[in-house]
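The residues making up each chain are set out below.
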Amino acid sequence: DDAGVRYLGLAALNKAEWINHGGCDIIARLEEHRKIRVVHGNTLTAAAVWQAIRQYTQPKDEIVFAGSTSKIGRALCILLARRGNTVHMITGCQ
């Protein structure tokens, strides 16, 4: 919360129930008055990030995007480009 983080996306961390019991272990450790939202799943994570991007950027902005070849990153880059943004994609893939 203090760093301005609004969403914590668990994504693949929930695919193995034994890691964090579907996110319940993480939520139990967060303070009750937290503002950060915990989301799980690629689609929900992408939707939450897209909403934040739309709130803090304009279609004329240039966006530098790391992780653009991941499932979520690819979807967001496509949405940004359709919106009219110039997107510079950075990837670790060769």
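An account of the accompanying structure is given in this report. This structure is a prediction, so every number in the text was calculated from the model and none was measured. (Residues numbered from 1 in each chain as written. Predicted model: local features only at pLDDT ≥ 70, side-chain atom pairs only at ≥ 80, totals over all residues. Heavy atoms only, no water.)

## Brief notes about the overall build of the protein chain
Which entries qualify depends on this criterion: The numbering of helices and of strands both runs from the N terminus, where a helix is a DSSP run of H or I of at least 4 residues and a strand a run of E of at least 2. Each residue's exposure class comes from its accessible area (1.4 Å probe, protein chains only) as a fraction of the maximum for that residue type: buried when under 20%, exposed when over 50%, partly exposed otherwise. When checking whether two residues touch, look at their non-hydrogen atoms; a contact exists if any pair is within 4.5 Å. To be clear on the numbers: accessible area is Shrake-Rupley with a 1.4 Å probe, and residue cover counts the displayed protein chains and nothing else.
Each helix and strand counted, the protein chain has four helices and four strands in total. In the protein chain, which comprises 94 residues, the share counted as buried stands at 23%. Across the protein chain, contacts joining residues at least 24 apart in sequence account for 61% of those joining residues at least 6 apart. Carbon and sulfur atoms make up 56% of the accessible area of the protein chain, which totals about 6,900 Å².

## Describing the pairing of strand E4 (residues 86-90)
Going by this rule: Strand pairing is assigned whenever DSSP detects at least two bridges linking the two strands. Crossovers are marked right-handed if the path from the first strand over the helix to the second runs clockwise, as seen with the strands pointing away from the viewer.
Relative to E4, strand E3 (residues 62-66) is paired through five bridges, and the arrangement is parallel. Within E4, the residue paired with Ala 66 across the bridge is Ile 90. As for the winding sense of the linkage, the β-α-β connection from E3 through helix H4 (residues 71-83) to E4 is right-handed.

## Section: the environment of Ile 36
As for its placement among the helices and strands, Ile 36 is situated in the loop between helix H2 (24-29) and strand E2 (37-39). Considered as a pair, Ile 36 and Asp 2 are 34 residues apart in the sequence and their alpha carbons are 9.7 Å apart.

## Concerning the side chain of Ser 68
Positionally, Ser 68 belongs in the loop between E3 and H4. Here Ser 68 falls in the buried class, since its relative accessible area comes to 7%.

## Digging into H4
Here is the rule: Each helix should span, by expectation, one fewer than its residue count multiplied by 1.5 Å. Relevant arc is that of directions from the helix axis to the C-beta atoms, nothing else.
When the terminal C-alpha atoms of H4 are compared, their 19 Å separation across 13 residues agrees well with the 18 Å that a helix rising 1.5 Å per residue should span. For H4, the set of buried residues is Ile 72, Gly 73, Leu 76, Cys 77 and Leu 80. An end-on view of H4 places all buried positions within 130° of arc, on one side of the element. Turned more than 90 degrees off the buried face of H4, the exposed positions are Lys 71, Arg 74 and Arg 82. Of the surrounding elements, those touching the buried residues of H4 are helix H3 (42-56), E3 and E4. Directly after H4, the chain includes Gly 84, whose backbone phi takes a positive value near 115°.

## Some details on the packing of H3 against H4
To characterise two packed helices, one gives the angle between the axes of the helices and the distance between these axes. Note the cut-off: Axis definition: a line fitted to C-alpha atoms, limited for helices to the stretch in contact. Angles are taken between N-to-C directions and run from 0 to 180 degrees. Take the far helix as the reference: if the near one is turned anticlockwise from it by less than a right angle, the crossing is left-handed, and if turned clockwise, right-handed. Note on residue categories: nonpolar means Ala, Val, Leu, Ile, Met, Phe, Trp, Tyr, Cys or Pro, charged means Asp, Glu, Lys or Arg, and polar means any other residue, Gly included.
The interhelical angle for the contact between H3 and H4, taken along N-to-C directions, is 35°, at an axis separation of 10 Å. Where H3 crosses over H4, the two elements pack in a sense that is right-handed. Residues Asn 42, Thr 45, Ala 46, Val 49, Trp 50, Ile 53 and Arg 54 of H3 touch H4, and the partners they reach there are Lys 71, Ile 72, Leu 76, Leu 79, Leu 80 and Arg 83. Here the residues of the contact of H3 with H4 sort into eight nonpolar, two polar and three charged.

Any link to function would need more than the numbers given here.
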